[in-house]
Amino acid sequence: MSSTQVPRNFRLLEELERGEHGVSDGSVSYGLEDADDITLSKWNGTILGPLNTVYENRIYTLSINCGEGYPASPPAVRFLTKINMGSVNKHTGWVDPARCHVLRHWRRSYGMEHLLTELRKEMVNSHNRRLPQPSEGSVYH
């Protein structure tokens, strides 16, 4: 039995529509960085810090780049807001696919909502939830 794969741009248009209508419980959100981006490659994401963690009451912004291989290949993800988290390079904000479970085990069925939700779950895990954090509002350059 063969399965039909939705072309990249159709998939990204579906994600754009979903992102514009709000996702899940509002703890994550995403949308195109530039509404005129016909390649649908550059996205912004937002994660609200989980309760009872050092991330609580903080808003984290991210840059998500969906390359030509997306959704078969994971996007490149970078925190713009400084964060101390095991899978994030503390100098650049890039999420290391080798250290990030959702990127390391990426599946075609995953999308940006799943990615952001899983990154938020990483904030809650025992290795990250109490790490000292950079000053609130600081950003990577």
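Residues numbered from 1 in each chain as written. Predicted model: local features only at pLDDT ≥ 70, side-chain atom pairs only at ≥ 80, totals over all residues. Heavy atoms only, no water.

### Topic: the state of the cysteines
Here's step 1: Applying the stated criterion to the full structure yields zero disulfides.
Here's step 2: With no disulfide of its own, Cys66 lies 14 Å from the sulfur of Cys100, the closest cysteine sulfur. (Disulfide = S-S within 2.5 Å.)

### Some details on the pairing of strand β1 (residues 28–32)
Side-chain direction in a regular strand flips from residue to residue, so the side chains alternate between the two faces of the sheet.
Here's step 1: In terms of burial, β1 is a largely internal element, four of the five residues being buried.
Here's step 2: Where β1 lies against strand β2 (residues 42–48), five bridges are found, and the strand directions are antiparallel. Bridged to Tyr30 within β2 is Gly45. (Buried < 20%, exposed > 50% of the residue type's maximum accessible area, 1.4 Å probe, protein only. Helix = DSSP H or I, 4+ residues; strand = E, 2+ residues; numbered from the N terminus. Pairing = 2+ DSSP bridges.)

### Description of the nonpolar core
Here's step 1: Counting 32 residues, the largest nonpolar core has Trp43, Ile47, Phe79, Ile83 and Leu119 as its most contacted members.
Here's step 2: Mapped onto this core, the elements with two or more residues apiece are α1 (8–20), β1, β2, β3 (59–65), β4 (76–79), α2 (101–104) and α3 (112–124).
Here's step 3: When residues in this core are grouped by element, the largest group, five residues, is from α3.
Here's step 4: If we ignore the near neighbours within four places in the chain, the residues touching Trp43 are Leu12, Glu15, Leu16, Tyr30, Gly31, Leu32, Glu33, Leu62, Ser63, Ile64, Cys66 and Met112. (Core = buried A, V, L, I, M, F, W, Y, C linked by side-chain atoms within 4.5 Å. Contact = heavy atoms within 4.5 Å.)

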